[in-house]
Amino acid sequence: MTMARAPDEKWPPKHDNILWYVKDPSHYTYNIDAIERIPYMAPNLVGAEKAARGKLPTDTWWHTIVPTNSHEKTGYPTQKPLGILRRIILASSNPGEVVMDFFAGSGTTGMAAWELGRQFILIDDNPQALEVMARRFAGISQIEWIGYDPSRLSAGSREGGSHAAA
Ligand SMILES: C[S@@+](CC[C@H](N)C(=O)[O-])C[C@H]1O[C@@H](n2cnc3c(N)ncnc32)[C@H](O)[C@@H]1O
């Protein structure tokens, strides 16, 4: 465990590590051309055509947290930005495949998977997470809920469930 330090004592930690595992290192999905390109930091150094096309991200990604007033904000405390999950899903899966998140929280993985034409299975043992996901996916009728009834959302009493799949 590390102690949080004041910014005048140490560089404030501002990054997350994303661990990337593959089952078979010689055969895995990596659709690098499917992901969005990003602006060059010094576009004047690369020529107009390259600058207009942008560059592929490296293994260091810059991304804002979910802005407080954005439409994306669900209120779930550990919600991750859709932009990060879109990039991961585009690069590491193909349309129609199933994406699974065992620690789904607000369901960002499922939302990104849905937008990108993937199926998804989301799991969480926190009743608040299921509630947030029920609200977030309210317009999507193809979802099968197991162990949770999203129609009880407005009833006041809620039980924790286990997963949602589409
Ligand atoms: C960091 S949050 C995930 C946030 C998510 N990526 C999002 O964008 O909202 C981790 C989630 O894992 C759930 N969790 C932790 N342990 C779990 C377990 N043993 N079984 C199921 N869910 C679990 C927590 O309830 C929490 O919602």
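Residues numbered from 1 in each chain as written. Predicted model: local features only at pLDDT ≥ 70, side-chain atom pairs only at ≥ 80, totals over all residues.

**Student:** Where do I start with the site of the ligand in this structure?
**Tutor:** As a matter of local geometry, the ligand sits amid 13 residues, with F103, G105, S106, T108 and N126 nearest to it. Looking at side-chain class alone, the shell around the ligand contains four nonpolar, six polar and three charged residues. (Near = placed C-beta within 6 Å. Nonpolar A, V, L, I, M, F, W, Y, C, P; charged D, E, K, R; others polar.)

**Student:** Mind showing me how you'd approach the pairing of strand β2 (residues 119-123) here?
**Tutor:** Residue alternation in β2 divides its side chains into a buried set, F120 and L122, and an unburied set, Q119, I121 and I123. In this structure, strand β1 (residues 98-101) lies alongside β2, joined through four bridges in parallel fashion. Bridge assignment links M100 to a residue of β2, and that residue is I121. Sheet analysis places β2 next to strand β4 (residues 163-165), joined by three bridges and oriented antiparallel. Paired with I123 across the two strands is H163, which belongs to β4. (Buried ≥ 20, exposed ≤ 12 C-beta atoms within 10 Å, placed from the backbone. Helix = DSSP H or I, 4+ residues; strand = E, 2+ residues; numbered from the N terminus. Pairing = 2+ DSSP bridges.)

**Student:** I would appreciate a short explanation of the sheet that holds β1 in the present structure.
**Tutor:** Sheet strands line up and pair through hydrogen bonds in the backbone, either parallel or antiparallel. Read from one edge of the open sheet, four strands run β1-β2-β4-β3, paired in mixed fashion. Taken across any chain shown, the strands that pair with only one partner, and hence form the sheet edges, are β1 and β3 (144-146). Each strand of the sheet is rotated relative to its neighbour by a mean of 10°, with strand direction disregarded. Most of the contacts of helix α3 (residues 108-115) go to β2, to which it runs at about 175°, and overall it touches β1, β2 and β4. (Axes fitted to C-alpha atoms, helices over the stretch in contact; angles between N-to-C directions. Contact = placed C-beta atoms within 7 Å.)

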